[in-house]
Amino acid sequence: MAKKTTATKDKKIFVLDTSVIIFDHNSFKSFMEHDVAIPITVLEELDNFKKGNDTKNFEAREFIRIIDKLSEGNSLQEWINLNGPEKGAITVVMNEKNASIDAEKVFGERKADHRILNATLFLQEKYPDRKVVLVTKDINLRVKAKSLNLNAEDFLTGKIKDLEGLYTGIREIEDVDSYAIDRFYSNGYLDYKEIFDETPIANHYFILKSGNTSILCFYNPLSKRLEQVEKRNVYGVKPRNAEQAFAIHAIMNPEVKLVTIQGLAGTGKTLLSLAAAIEQRQYFHQIYLARPIVPLSNKDLGFLPGDVNSKIGPYMEPLWDNLKFIKNQFGQNDKEFKKIDELLENEKLIVSPLAYIRGRSFSNILFIVDEAQNLTPHEVKTIITRAGENTKIIFTGDIFQIDTPYLDTQSNGLSYLIDRVKDQPIYAHVTLEKGERSELANIANYLL
């Protein structure tokens, strides 16, 4: 690669924090024609992250491989041009104390964050004619940077702009012509042009109301008409409201290959997904129920006692609880009760941490990913791109209950997926708002 010998005045220099790299190892490619600097401290931190099966470990390893390849025949302390049109250059910053301000002295502590601040201060003084920006997903580090008069930003790639306008998948329409409702009940479908001026979003769900009469329906992008949605039971689980009926319909619809279900705790996301999956088990070779493991206080699982199964057991218990609830809809001697035990024994139904199935390709699989709000957009993309023939993927989660540092309601993988994929004919989304766990749980969700 050719080395960059001159700096263009209008090009910015973006300094990447470790949090940005472990969010997405390809993040350095997101800055167009501008240049990217990596403090040596970031590489040291990534070296500590590289061992393990967690997402951050994977991202660290991948970035280290990329840096190693870039260094072939080049010095990383020089500007190395990145391949691609309108791409800038990348360098590793070794100097962390040559600026007139020392962040370690200012904040009275020697730590990685302060060394990264020093690297940014060094670049700001070395290139006074260029805008230097620290990019980090760590809010506290951004605040510290600004206190030193440094430019600091969040990494915005993969972050949705309008959370309030996030697609819900459901719309309620009042005062529909009663004759249209009658025709709908008679035929089971209706020309969408009788209700809408424009073509609805593919697989969007509607509650059409006329006086005291209402009908549940969705826009079928294949037939190009509104079709009725019946409330149906799935493996002993009955929908308790229109939203749950829509969620079941989306999961059971054979034309839909990707489903997202978003909602607060107690709205039935995981339970409905699992029950509907078991209901259609004959159409898939296996059912996978997985969730990312987010350790308490973000400590590594190694600090917990016991073997691997003992460590991950508490994190998977909510999934087993939902499975037990479904089993308890039947008596112990019922064939439906025994069928679940049979599926588990024959590994037709597998409950597993998400990290344990990394790198696999899935064909003829119904794959449920629970707690998807704790995934990055890059992780969600990686999972979906593993889908083979006759594979259906369901992501469930609550975007307001994120347990992973550096993710928020706008940057998590579930929000990103809902925002980007709507109106695709093989995709459906439902937001569940009505809590059905208990009256006590509803009070906690809305008042506390």
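Residues numbered from 1 in each chain as written. Predicted model: local features only at pLDDT ≥ 70, side-chain atom pairs only at ≥ 80, totals over all residues. Heavy atoms only, no water.

## Here we look at the overall build of the protein
What counts here: Comment: elements are numbered from the N terminus, with helices defined as DSSP H or I runs of at least four residues and strands as E runs of at least two. Whether a residue is buried, partly exposed or exposed follows from its accessible area with a 1.4 Å probe, protein chains only, as a fraction of its type maximum: under 20%, in between, or over 50%, in that order. Two residues form a contact once any of their heavy atoms are found within 4.5 Å. For the accessible areas, the method is Shrake-Rupley and the probe is 1.4 Å, while residue cover comes only from the protein chains on display.
In terms of helices and strands, the protein carries 14 helices and 18 strands. Residue burial in the protein is summarised as follows: out of 448 residues, 51% are buried. Taking as baseline every contact in the protein between residues at least 6 positions apart, the subset at least 24 positions apart corresponds to 68%. Surface exposure of the protein reaches about 22,000 Å², of which carbon and sulfur atoms provide 47%.

## Examining the nonpolar core
Rule in force here: The criterion is simple. A nonpolar core is a set of buried Ala, Val, Leu, Ile, Met, Phe, Trp, Tyr and Cys residues joined through side-chain atoms within 4.5 Å.
Leu16, Ile38, Ile90 and Leu123 are the most contacted members of the largest nonpolar core, which totals 49 residues. The dominant element in this core, judged by the number of residues it contributes, is helix α5 (residues 112–126), at six residues. Filtering out sequence-adjacent residues up to four positions away, Ile38 remains in contact with Leu16, Ile21, Leu43, Phe63, Ile90, Thr91, Val92 and Val93.

## Side note on the confidence of the model for the protein
Basically, it comes down to this: A residue's pLDDT is the predictor's confidence in that residue, given on a scale from 0 to 100.
Across the protein, the average pLDDT comes to 87, with 90% of residues at 70 or higher. Low pLDDT, under 50, characterises residues 1–7; the predicted model gives this stretch 19 contacts beyond four residues in sequence or across chains. In the predicted structure, residues 296–311 sits below a pLDDT of 50 and forms 16 contacts with residues beyond four places in sequence or in another chain.

## Quick word on the packing of aromatic side chains
Note the cut-off: Aromatic rings from Phe, Tyr and Trp, with only the six-membered ring used for Trp, were paired whenever their centres fell within 6.5 Å, and each pair was classed as stacked if the ring planes differed by under 30 degrees, edge-to-face if by over 60, and tilted otherwise. Whether a charge lies above a ring is judged from NZ of Lys or CZ of Arg, which has to be within 6 Å of the ring centre and within 35 degrees of the ring normal.
Enumeration according to the criterion identifies 13 aromatic pairs in this entry. Geometry around Tyr127 places Arg130 over its ring, the cationic atom sitting 5.8 Å from the centre. Between the NZ or CZ atom of Lys137 and the centre of the ring of Phe23, over which it lies, the distance is 4.5 Å.

## Examining helix α13 (residues 413–421)
Given 3.6 residues to a turn, an α-helix orients residues that are three or four positions apart in the same direction. Cut-off, in case you're wondering: Two N or O atoms form a polar contact when they lie within 3.5 Å of each other; inside protein one atom must be a possible hydrogen donor and the other a possible acceptor, and for residues adjacent in sequence the pair counts only when both atoms belong to side chains.
Those residues of α13 that fall on the buried side of the exposure criterion are Gly413, Leu414, Ser415, Leu417, Ile418 and Val421. On its buried face, α13 is in contact with β13 (258–263), α12 (377–384), β17 (392–397) and β18 (427–432). Measuring from the side-chain oxygen of the N-cap residue of α13 to the backbone nitrogen of Leu414 gives 3.0 Å; that N-cap residue is Asn412. Looking one or two places after α13, you find Asp423, whose phi comes out positive at around 80°.

## With respect to the pairing of strand β15 (residues 349–353)
Which entries qualify depends on this criterion: A pair of strands is treated as paired once DSSP finds two or more bridges between them.
Counting buried positions along β15 gives five out of five residues, so the element sits mostly inside the fold. What you see with β15 is no split at all: Leu349, Val351 and Pro353 on one side and Ile350 and Ser352 on the other are buried throughout. As judged from the five bridges shared by strand β14 (residues 286–291) and β15, these two strands associate in the parallel manner. Note on β15: the bridge partner recorded for Ile287 is Leu349.

## Here we look at the pattern of salt bridges
For the record, the criterion: We count a salt bridge whenever a side-chain nitrogen from Lys or Arg sits within 4 Å of a carboxyl oxygen from Asp or Glu.
Going through the model one piece at a time under the given rule, you end up with 17 salt bridges. Close ionic contact of Asp47 with Lys50 constitutes a salt bridge, the shortest N to O distance being 2.8 Å. Through salt bridges with shared partners, one network takes in Lys137, Arg142, Asp154, Lys159 and Asp408.

## Considering the sheet that holds β15
What counts is decided by this rule: Each axis is a line fitted through C-alpha atoms, and for a helix only the stretch in contact is used; angles between axes span 0 to 180 degrees, taken between their N-to-C directions.
Spatially, the six strands line up as an open sheet ordered β15-β14-β16-β17-β13-β18, and their pairing is parallel. The open sheet terminates on both sides in strands that have one partner only, identified here as β15 and β18. The average angle at which neighbouring strand axes cross in this sheet is 15°, direction not considered. For β13 and β18, the ladder comprises six bridges, and the chain directions are parallel. Considered in β18, the bridge of Leu258 is made with Tyr427.

## Regarding the sheet that holds strand β12 (residues 225–228)
The sheet built from five strands is open, its strands ordered β8-β10-β11-β12-β9 with mixed pairing. Looking along the sheet, the strands with just one partner apiece sit at the ends: β8 (170–173) and β9 (189–190). For β9 and β12, the ladder comprises two bridges, and the chain directions are antiparallel. Residue Leu190 lies in a different strand from β12, and its bridge partner there is Leu226. Docked against the sheet, helix α7 (residues 178–187) engages β9, β10 (205–210), β11 (213–220) and β12, running at close to 65° with respect to β11. Each of β8, β10 and β11 is contacted by helix α8 (residues 242–252), which is oriented at about 140° to β10, the strand it contacts most.

## So, the side chain of Thr260
Here Thr260 is to be found in strand β13. The residues touching Thr260, leaving out its near neighbours within four places in the chain, are Phe395, Leu414, Leu417, Ile418, Tyr427, Ala428, His429 and Val430.

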